[in-house]
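Listed here are the chains, written in short residue letters.
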Amino acid sequence: MFTRTALLVLKKDFAIEVRSREILYTTLLFALSCVLIFSIAFVKEGEPLLDAAAGILWIAVEFAGTLALGKTFERERYSETLRALLLAPAPRAAIYVGKMLGVVVLLAVAEALLVPLVALLFHAPLLAQPLLLMALVAAGTIGFSSVGTLFAAMLVRARSRDVMLPILLYPMTVPVMIAGVRGTSALMQSPADVPSAIMWIGLLASMDVVFMTIALWTFEPLMTE
Amino acid sequence: MRKLFMPLLVVATAMFAYAPFMIDQAAYESSMGLVSKIFYFHAPSGMVMLLSAVVCGIASALYLWRRNPGADRLAMASAELTVLYGLIVIATGPLWARKAWGIWWDWDARLTMSFVGWLIAISYLFVRKYGGPGSDKLGAALAVFGTANVPFIYLSVNFWRTLHPKTSVVPTLPPLIRGPFWFSALALFLMYLLLLTARLHLERQRAALDALYLAEED
C-alpha cells in the first residue's frame, strides 16, 4: 500500500511533467546559467581555479533544486489538487515519498547533464572515479530533496513562499553541501583521495537516514489542518 | 516564577554591576592582554545560546506532536533569545579573533557552526513573522530539523581545519580566572531566565487578548 501510493504519486507527477516538460527545462536552463555565472567568477586568465568545479557543481544543483522544489508544489497549489491528494485514503508519508522521488529523478536528470558539463568547462577530472562520484551525488541529492520536499510542502500554504524556501532550506542543507563539496574535491585530486571520499559518502548517507526519518515523522502533523 | 521575577531581577542587576570589578581582578592572560577579557562575555553567551537553541528544539517537538500552545510560546521566546545571544557571540568573537589570530573571521568549524545555527534561528523568527497563518507549525518543523541538524553541522565542519580553542578550555581554567568566569556565566544565564519569563508573559497576554477578541466576535 505504502509503496504503491508513493509510486502512484510519482507516476502522476511524471505524467504531467512528460507532457509539459516545464520544470525540467526551467531547471536545466537555470543550472546552465548558474554555471555560466560561476565561470565569470572562478576563471582567471583562462585557467579555472583549483577545486572550483566541486563547489560550482553543488551550488548549481542546490539552486536548480530549489527552483524545481518550488515548482512541483506550486503546480499542486495552482490547481487546488493538494487537498485532493491529502484527502486520498492513503498514508500521508507515502505522498511525501512519492513527491520526493519525483524531485530526486528530476535532479538526477539535471546532474547527468551538469557533471560532464562542469568537468568539460572547468577542466576538472570529475569522471575519474565515476562510481564513487555517482554514490556521492546520489546521497547528496537525496539529502537535499528530503529536506527540500518537506519544506516546500509545508510552505505551500504560507505567504511569500518563494522567498521563504531558499531562506529556510540553505542553512538547513549546509552539512549536505559541505559533505558534497569536500567529497567531490577529494575525488578530483590526483590520485583520488578515496578514503576521505568514502567517509563523506558515509556521512551523507547517515544524514539521509536522519532527515528522511524526521521528514516522514513530521509530514503527517504538518499537513493536517 | 512571577513571584521570583523582581528579586531575581535585583540579583541579576547587582551581578552585572559587580561583574566588571571581578573581571578586572581576574588573572591577566599574558599573551592576549586586555582583549582576553572578552572571554568572560563571549564564552558564557555561547553556552546560553546553545541552551536556548536546545530549549527551542524540544519545545517545538512538544508543540508539533502534542499541540501544547504553551510549548509554542516557549519555542518562540527561546528562538528570539537564541538570536540575541548569538548576536553577542558573533559580535564579540571577531574582536578577540582580530587580536589572537590576526583576522576578523575565519571559516573554522566552531565559527561556521555558530553562524549556521544563528541563521537557522533567524529563519525561524522570519517564518513566524512573515509566514502567515499556519506559521506556528512551520516554525516548529524548522526548529526540529535545525536541532537534528546540529550533530551533522558539528561533524562536517569538524573535519575541516580548526582554529577555535577547544571545549576543554573551560573545565581546565586556572582558579583566578575560573571564579569570574562562572560568575559571568551565571549572570548571563540569569538574564536569559528573566528575559524568557518576560517574553513568555507577553506571549501569554497576547494569546489571552486574541482569545478575548475571538469571544467578542462570536
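Residues numbered from 1 in each chain as written. Chains lettered and ligands numbered in written order. Predicted model: local features only at pLDDT ≥ 70, side-chain atom pairs only at ≥ 80, totals over all residues. Heavy atoms only, no water.

Q: Hey, could you go over the packing of aromatic side chains for me, with residue numbers and the actual values?
A: Applying the stated rule across the entire model yields 15 aromatic pairs over all chains. Seen in terms of ring centroids, Trp105 of chain B and Phe115 of chain B are 6.0 Å apart; in terms of plane orientation they differ by 70 degrees. Their pairing is edge-to-face. You can see Trp105 of chain B sitting in the loop between helix H3 (69–100) and helix H4 (109–130) and its partner Phe115 of chain B sitting in helix H4, a full 10 residues away along the chain. Overall, Trp105 of chain B belongs to the partly exposed group, its relative accessible area being 27%. Residue Phe115 of chain B is classed as partly exposed on the basis of its relative accessible area of 27%. With a centroid separation of 6.3 Å and 35 degrees between ring planes, the pair formed by Phe189 of chain B and Tyr192 of chain B is classed as tilted. Of this pair, Phe189 of chain B and Tyr192 of chain B both sit in helix H6 (residues 175–217), separated by three residues, roughly a single helical turn. In this structure, Lys99 of chain A packs its charged tip against the face of Phe73 of chain A, placed 5.1 Å from the ring centre. (Phe/Tyr/Trp six-rings, centres within 6.5 Å; stacked < 30°, edge-to-face > 60°. Helix = DSSP H or I, 4+ residues; strand = E, 2+ residues; numbered from the N terminus. Buried < 20%, exposed > 50% of the residue type's maximum accessible area, 1.4 Å probe, protein only. Lys NZ or Arg CZ within 6 Å of the ring centre and 35° of its normal.)

Q: Run through the nonpolar core, naming residues and quoting values.
A: Grouped together as the largest cluster of nonpolar side chains are 94 residues, with contacts concentrated most on Val118, Leu126 and Phe151 of chain A together with Phe145 of chain B. With residues near it in sequence (within four places) discarded, Val118 of chain A still touches Val35, Ala53, Ile56, Leu57, His123 and Leu126 of chain A. Of all hydrophobic cores here, the second largest spans 14 residues; its members include Ala77, Trp118, Ala121 and Tyr192 of chain B. (Core = buried A, V, L, I, M, F, W, Y, C linked by side-chain atoms within 4.5 Å. Contact = heavy atoms within 4.5 Å.)

Q: Please set out the environment of Ile56 of chain A residue by residue, giving values where relevant.
A: Residue and element names in this part refer to chain A. By secondary structure assignment, the location of Ile56 is in helix H3 (residues 52–78). Exposure remark for Ile56: the relative accessible area of 1% places this residue in the buried category. Residue contacts for Ile56: discarding those within four places in its chain leaves Val35, Phe38, Phe42, Val118 and Phe122.

Q: Could you give an account of the interface of chain B and chain A, with specific residues and numbers?
A: In this complex, chain B contributes 28 residues to the contact, which on the side of chain A involves 32 residues. Its largest share of buried area at the contact with chain A, chain B owes to Leu138, Phe145 and Phe152 of chain B, together 25% of the area lost on that side. At the boundary of chain B and chain A, one finds zero salt bridges. Between chain B and chain A we count one residue pair in polar contact (both at pLDDT 80 or more) in total. Broken down by secondary-structure element, the contributors of at least two residues to the side of chain B that touches chain A are helix H2 (39–66), H4 and helix H5 (135–158) of chain B. Per-element tally for the side of chain B that touches chain A: the top contributor is H5 of chain B, with 14 residues. (Buried area = accessible area lost by both parts, 1.4 Å probe. Salt bridge = Lys/Arg side-chain N within 4 Å of Asp/Glu carboxyl O. Polar contact = N/O pair within 3.5 Å; in protein donor to acceptor, adjacent residues only side chain to side chain.)

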